[in-house]
Amino acid sequence: MKQKKMQKNKYQYMLEFFSPLERSLSLCYLFFMVGVFPLYVKNQYEAIGDAKYQLFFYSTLFYLGASFLLYVVKKIIEVREEKENTGKDSYPSRKNKEKAAVADRQGGQKEEIAKKVNRWLEEISSIDLAVFAYGFFVLLSFLLSDHKEYALWGADGWEMGLISQMMFVGIYFFLSRQKQRYKVALGIYLIASALTFLLGILHRFQLDPLGMYEGLNLLQMTEFLSTIGQATWFSSYICTVFPLGLLLQYVVKEKKWKYLMGIYYVISFGIVVTQNSDSAFFALAGIMALLALFSCKKIEYWKHFLEIMIYLWGTFVAVGILQRIFWERAIPLNTLSVFFSQSIFSMVMLTVSVIFYLAYKKVKEERIPEVMKVTSLVIKIGAVLAVVLLLGTVLFIYWNTTGVLLSLFGYQSTNNYLYFDGHWGNNRGSSWMIAWQEFRQLPLYQKLFGVGPDAFSAHLYNVPQVQERLQQLWGNLRLTNAHNEYLNSLFCYGIFGLLSWITLLITSIARYGKKAQENPLFMGVVLCIAGYSCHNLFCYQQVCCTPFLFLIMGVAESYGKEAAVWR
């Protein structure tokens, strides 16, 4: 009896050793990704995308390999411990042996197996299923691809092939299996992102503390900034990362932390209005719309929302003032960036936000339910109108482009935002049209399962007439993706792959959104996913944003398990 008891303690001791080791490994990887990766540079902007990917690849390879090994060891120990406990409990006496035999005849073993299966199924969440479904269809796309060698790693400079996609799935899986809150990691996440954003703002005024701009001309300075590099990549990182910090305004109580969060908001909104990518403003609109819908249910939350709006519009106005004062140093920006920083619109919105904030602060206690009921109704009506306006804009662009407006009303706009042609959206029109036209030409099995992970250009440049057209449009430059993640996913992973990706995004927003009122930090996760989803309507997967999406979802699952949120 003593020997068996010692063996049982031995297994428990081993689990007590390996479980913290597993959690520590995840924590170290998280620190590295959120704290080191964004700030890492090598040879300034020369091949910065490759340098970032190499850092991501080797660090993630080590993390996943070590995590898999620890996971297997833990499962072996758990199985050995369970077998020993079963043997001890089942055969201590002749009487128990007889009972065990009877239980076996009555299907006791089947019941035990059923219980184990049920326990295992209970641990699998809807997001787990969605992530694994996405990974399955990506893998299937690779196996059916005619460009396996290319699809394994993906396009040069992007590397979003099968290897990266499986790493994303692995990141989510191993981070989500833990039970910890990652409080320190959240602090590092905010500090590192704030430093990355701040350097980008300084670059927009040609202040270069790290010497990143040495040898660059003005055009190159416009296209590259901070330690991320290309402006579009940087805007993807911004929209995926910064929304999580917004919800700290809802949970932080101490004034000193409030002040620090205020600094974070100023820096975050400052880089949004100067990063020079129109898609970031579209993502910001989606983020703030969801935050308004979340906040209009409680007056405390609504006041926090108005505080954030004051930070947003106040920062936009302040940046515009700086651009006017230091006009000789300010980098020339695109139309939307200039509009939001220097037009009267931002000043009006700042004034309105301040007036509403002061008005809500003076609402008497007994009138709060009535006021918030009206506020909630107005916000919901506004959300419906916003959706109608968005759909109306899309319809207007379609009618304007196809000549319907010209034939009916004798009017046609040539505005780049309202007329869809090859030059629309910084030449995204050409990419979208080519991607859709060629998708329609694919055989049925490729329509369903795609041409292979990140094999967009491998397929297009393998079709002579398409290759000729692409060379006419872009010369020696290579079109590597559709510049719309959903259209690109349709082409690379097929209809099933695209549906699995959209299901993953919707499932995660729904799962975390349900728990947001209980814990506002989950709403921060929702906003990160929404920011990524909206931004990448005009962008694509890359190493500076997509890993963070899976990382944030994995940490959210882990946090929910530790706090018993999912029970």
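Residues numbered from 1 in each chain as written. Predicted model: local features only at pLDDT ≥ 70, side-chain atom pairs only at ≥ 80, totals over all residues. Heavy atoms only, no water.

J.: I'd like a rundown of the overall build of the chain, residues and numbers included.
T.: Along its length, the chain carries 26 helices and two strands. When the 567 residues of the chain are sorted by exposure, 50% land in the buried category. In the chain, once contacts between residues fewer than 6 apart in sequence are set aside, the share between residues at least 24 apart is 76%. Split by element, the accessible area of the chain, about 28,300 Å² in all, is 65% carbon and sulfur. (Helix = DSSP H or I, 4+ residues; strand = E, 2+ residues; numbered from the N terminus. Buried < 20%, exposed > 50% of the residue type's maximum accessible area, 1.4 Å probe, protein only. Contact = heavy atoms within 4.5 Å. Areas by Shrake-Rupley, 256 points an atom, 1.4 Å probe, with all protein chains shown as cover.)

J.: Describe the pattern of salt bridges, listing the residues and the values that go with them.
T.: Considering all chains together, one arrives at four salt bridges under this definition. Close ionic contact of Glu 22 with Lys 74 constitutes a salt bridge, the shortest N to O distance being 3.1 Å. With Glu 22 in helix H1 (residues 2-36) and Lys 74 in helix H2 (residues 48-90), this pair connects stretches of sequence that are 52 residues apart. As far as the burial class goes, Glu 22 and Lys 74 line up, both buried. Residue Glu 518 is joined to Lys 515 by a salt bridge in which the shortest nitrogen-to-oxygen separation is 3.9 Å. (Salt bridge = Lys/Arg side-chain N within 4 Å of Asp/Glu carboxyl O.)

J.: Lay out the side chain of Ser 489 in plain terms, naming residues and giving numbers.
T.: Tracing the chain through its elements places Ser 489 in helix H24 (residues 485-514). Relative accessible area serves as the criterion here: at 3%, Ser 489 is assigned to the buried category. Ignoring sequence-local partners within four residues, the contact set of Ser 489 consists of Gly 494, Leu 498 and Trp 501.

J.: Help me get a handle on helix H20 (residues 424-441), residues and values and all.
T.: Among all positions in H20, only Trp 424, Arg 428, Gly 429, Ser 430, Ser 431, Trp 432, Ile 434, Ala 435, Glu 438 and Phe 439 are buried. The secondary structure elements touched by the buried residues of H20 are helix H10 (231-241), helix H21 (444-449), helix H22 (456-460), helix H23 (464-474) and H24.

J.: Lay out the side chain of Thr 232 with the relevant residues and their values.
T.: Along the chain, Thr 232 falls in helix H10. Taking the relative accessible area as the measure of exposure, Thr 232 reaches 13% and is therefore buried. Not counting residues within four places of it along the chain, the set of residues in contact with Thr 232 comprises Arg 428, His 535, Cys 539 and Tyr 540.

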